[in-house]
Amino acid sequence: MSYDAIFGSATPRVPVPSGRAYRVDSPPENGLVTAELASELNRVLEKFAVDAGFSETNLVGIFFKPGVVGHHKCGRAADIYAVAGVGLDRWKERWDEAIAHASRAPNPEAKRRITNVERKNNLGWRLYKALQLYGRWAQPYGYPIQLFGPWTRTEGPWNYIGDRLLHAHRDHIHVAK
């Protein structure tokens, strides 16, 4: 862990907690954030996990890695790299393959079925959508909502994300509060 990450701010930081239907698989220092962000992540991750069919007896794992710039320096941001032991880059690859397969479907019903199956089974996409729909993320004046990830350009909230920023978030989801 970098010196900056620990001492860059006077704001106390806490690890993102595990919930009733999800567990944080990464070391606690990977998700040191403000209490406000930890609470928001706990609320949204719990909703995601329960909606995806997980429970106290069947937990889904979430893996964080520490960020090094911007909101990370003061504990106001977190980066999620994996869900259920699968990297978000791999979940995005699965998503892209399914959407490509759906585009070649012989009829609209087959296309809808393929897309619906992927929406149900792709935990990366489901996590991104839960963070988008239920999270209350920062939006600094003149900047977009602080939710970026592999699905940002297609799912929002900021469809006009630049190539450089999208590439920087191709393998993780970034949220800030």
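Residues numbered from 1 in each chain as written. Predicted model: local features only at pLDDT ≥ 70, side-chain atom pairs only at ≥ 80, totals over all residues. Heavy atoms only, no water.

Visitor: Describe the packing of aromatic side chains, and please don't skip the residues or the numbers.
Guide: Taken as a whole and judged by the stated rule, the model has two aromatic pairs. When the centroid spacing of 5.0 Å and the interplanar angle of 5 degrees are considered together, the rings of Trp95 and Trp125 count as stacked. Placement of Trp95 in helix 3 (residues 88-103) and of Trp125 in helix 5 (residues 123-134) is noted, with a sequence separation of 30 residues between them. Residues Tyr128 and Trp151 carry aromatic rings whose centres are separated by 6.1 Å and whose planes lie at 40 degrees to one another, so their mutual orientation is tilted. In this pair, Tyr128 sits in helix 5 while Trp151 sits in the loop between strand 7 (147-148) and helix 6 (152-155), placing the two residues 23 residues apart along the sequence. Over the ring of Tyr81 we find Lys65, and its NZ or CZ is 4.7 Å from the ring centre. (Phe/Tyr/Trp six-rings, centres within 6.5 Å; stacked < 30°, edge-to-face > 60°. Helix = DSSP H or I, 4+ residues; strand = E, 2+ residues; numbered from the N terminus. Lys NZ or Arg CZ within 6 Å of the ring centre and 35° of its normal.)

Visitor: Explain unusual backbone geometry to me, using residue names and the numbers behind them.
Guide: Of note, the phi angle at Ala84 is positive, near 60 degrees, even though the residue is not glycine. Examined against the element boundaries, Ala84 turns out to sit in the loop between strand 5 (77-83) and strand 6 (86-87). Residue classification places Ala84 among the partly exposed residues on the basis of a relative accessible area of 37%. (Buried < 20%, exposed > 50% of the residue type's maximum accessible area, 1.4 Å probe, protein only.)

No statement about biological role is implied by the geometric values presented.
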